[in-house]
Amino acid sequence: MSAGLRSWLLVVLALLSSGAAAHEMSMAEMEVRQISPREFLWQWTVSGNRPANEVLTPVWPDGCQDEDNIVRCGDAGLQGVLTIKGIGKVYSAAMIRVYWRDAPMSVYTIAAGQPRARLSGPSDGASPGPGAYLYLGIEHIMLGVDHLLFVLGLLLIVGDRWMLLKTITAFTVAHSITLAVATFGIAHVPAAPLNASIALSILFLGPEIVRRWRGETSFTIRHPWVVAFAFGLLHGFGFASGLAQLGLPDSQIPLALLLFNIGVEIGQLAFVFGILLLERSFRLLECHWPRLVERLPGYLVGTLGAFWTIQRVVILLRSVA
Amino acid sequence: MRRAVGTTLVALAAIVVASPAHAHLVETGFGAFYDGIAHFAVSLADMLIVIALALFAGLRGTRAARHAMFALPAAWLVGGALGALWPTASIWPVSTTLSLALTGALVALDAKLSDASVTAFVIVAGALYGFVNGATMTPGGAGGLALLGAVCAIFFVNTILAAEVTVLPVGWPRIAVRVAGSWIAATGMLMLGWLARPTLA
């Protein structure tokens, strides 16, 4: 490997190394407890790397005043539009659980794509709205650089369109299965070994891409859909981490699961079609790339896969020790 | 029919002229890179000039389109970086609108410029729009990553559109492209008229 290529890869690694945390959803959680008919005690219960109270400011419905984390409302109680300033920057979404004294808990989700929640009192059905789940699904895949890199690796291995269709379908079916399994609580994989395994799946594709460049063959090159299915099962558990953090009530799980999965598919298909369109355009424009540029996506898959594998295995070992 | 076309053009021109007024960055919630992509997608003036330049380069053939594929995003990036350094600079509405009208006219006329001239034109227009982009995005809270996102989106739209135009068969498909150019030119001229309005009053 030339010095130029090594420098290139180092720069790319430095730029993309933050993607190792791409799985972790920036979801803040707020708890609101009714302490009297007109008074509510609230606090952030779950935060990410930066405390939520530093970057998020709730704007309570008209008629409600906040003083030292106690919200005092008028006769109407806690009703009206709640917004949270700062959503969409450090935190992409916030979940608000309202514990009523004489009614079941209500859950609301506020995200950049759905920046307000309408609180309608204790009788509320507590639905965060289908748009929020769809949005979270798209967000999870768009920010999940590791998932997209795995899909890119598959695109680099697959030979023809029919095989591409089979491979992408196999990946979709597989991750849908484990996403459902994990969301319904049938199985659970701890985050540290899961993230290390997902990184390993990307690293696995690196040598396969090189084999394809050399004109060699292997089981993966002959049957990429089998590999896509097998590793898709792992990635599904990764997708589930995004949905699990919502802490959904049982009644909402089927709808949330469906819409979150559709969101993931929208993001994934947009990525695949984008790559295919660019590939077609380069062909039409008769682009003759230098070999280094031509192979850069393959090197990117292999090196980032190796980097994330090492990084996540270290995290795994630390958590075990 | 003519009335409908006229109404559409006036509406389009009004929207394009109005776009700098809400130059704050779109917040997708996906981070600055995606915010930059979304900013480009909803900025009709930026989208129109990229479409016009892609059509123009595509009509001039594979070589010109290939050069434009690199020249436009690179010029936009450099212009954007300079604009970000001087965010208070004027947004030059007459210059940008003039370049839009001119690009539309070149597409409509199927002007037979040399590859080098096409590339030079693309660089000038791209740098001009990029500068305005950088100057308006920065006060809206955008950083380098947002500009990079916008430039990636421009690369994507320009490359795909120009490539598809290069393979259009001779006949009505190329005429349709020229008609689109005439619409862009008309929009640009209407915008110029709109911009001149306060001075006439």
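One can find the structure itself at the top, above this paragraph.
Residues numbered from 1 in each chain as written. Chains lettered and ligands numbered in written order. Predicted model: local features only at pLDDT ≥ 70, side-chain atom pairs only at ≥ 80, totals over all residues. Heavy atoms only, no water.

(A) A look at the overall build of chain B. What chain B contains, in helices and strands, is eight helices and zero strands. N-terminal to C-terminal, the α/β element order of chain B is α-α-α-α-α-α-α-α. Counting the 201 residues in chain B, one finds 48% classified as buried. Of all intrachain contacts in chain B linking residues separated by at least 6 positions in sequence, the fraction that spans at least 24 positions is 86%. Surface accessibility of chain B: about 9000 Å² in total, with carbon and sulfur atoms responsible for 75%. (Helix = DSSP H or I, 4+ residues; strand = E, 2+ residues; numbered from the N terminus. Buried < 20%, exposed > 50% of the residue type's maximum accessible area, 1.4 Å probe, protein only. Contact = heavy atoms within 4.5 Å. Areas by Shrake-Rupley, 256 points an atom, 1.4 Å probe, with all protein chains shown as cover.)

(B) Seen up close, the state of the cysteines. Evaluation of the coordinates by the stated rule reveals one disulfide over all chains. Here Cys64(A) is linked by a disulfide to Cys73(A), with a sulfur-sulfur distance of 2.2 Å. The disulfide joining Cys64(A) to Cys73(A) has a torsion of about 110° about its S-S bond and is therefore right-handed. Accessibility classification places Cys64(A) together with Cys73(A) in one group, the buried group. No disulfide involves Cys287(A); its sulfur sits 16 Å from that of Cys152(B), the nearest cysteine. (Disulfide = S-S within 2.5 Å.)

(C) Quick peek at the interface of chain B and chain A. Facing the 18 residues of chain B at the interface are 21 residues of chain A. Buried area between chain B and chain A, summed over both chains or domains, comes out near 1700 Å², and the portion from carbon and sulfur atoms is 69%. Counting across the interface, chain B meets chain A through one salt bridge. Linking Glu164(B) and Arg280(A) is a salt bridge whose minimum nitrogen-to-oxygen distance equals 2.7 Å. Our count for the contact surface shared by chain B and chain A stands at four residue pairs in polar contact (both at pLDDT 80 or more). Counting only elements with at least two residues in the side of chain B that touches chain A, the list comes to helix H4 (62-85) and helix H7 (144-166) of chain B. Its residues assigned to classes, the side of chain B that touches chain A comprises 10 nonpolar, five polar and three charged. (Buried area = accessible area lost by both parts, 1.4 Å probe. Salt bridge = Lys/Arg side-chain N within 4 Å of Asp/Glu carboxyl O. Polar contact = N/O pair within 3.5 Å; in protein donor to acceptor, adjacent residues only side chain to side chain. Nonpolar A, V, L, I, M, F, W, Y, C, P; charged D, E, K, R; others polar.)

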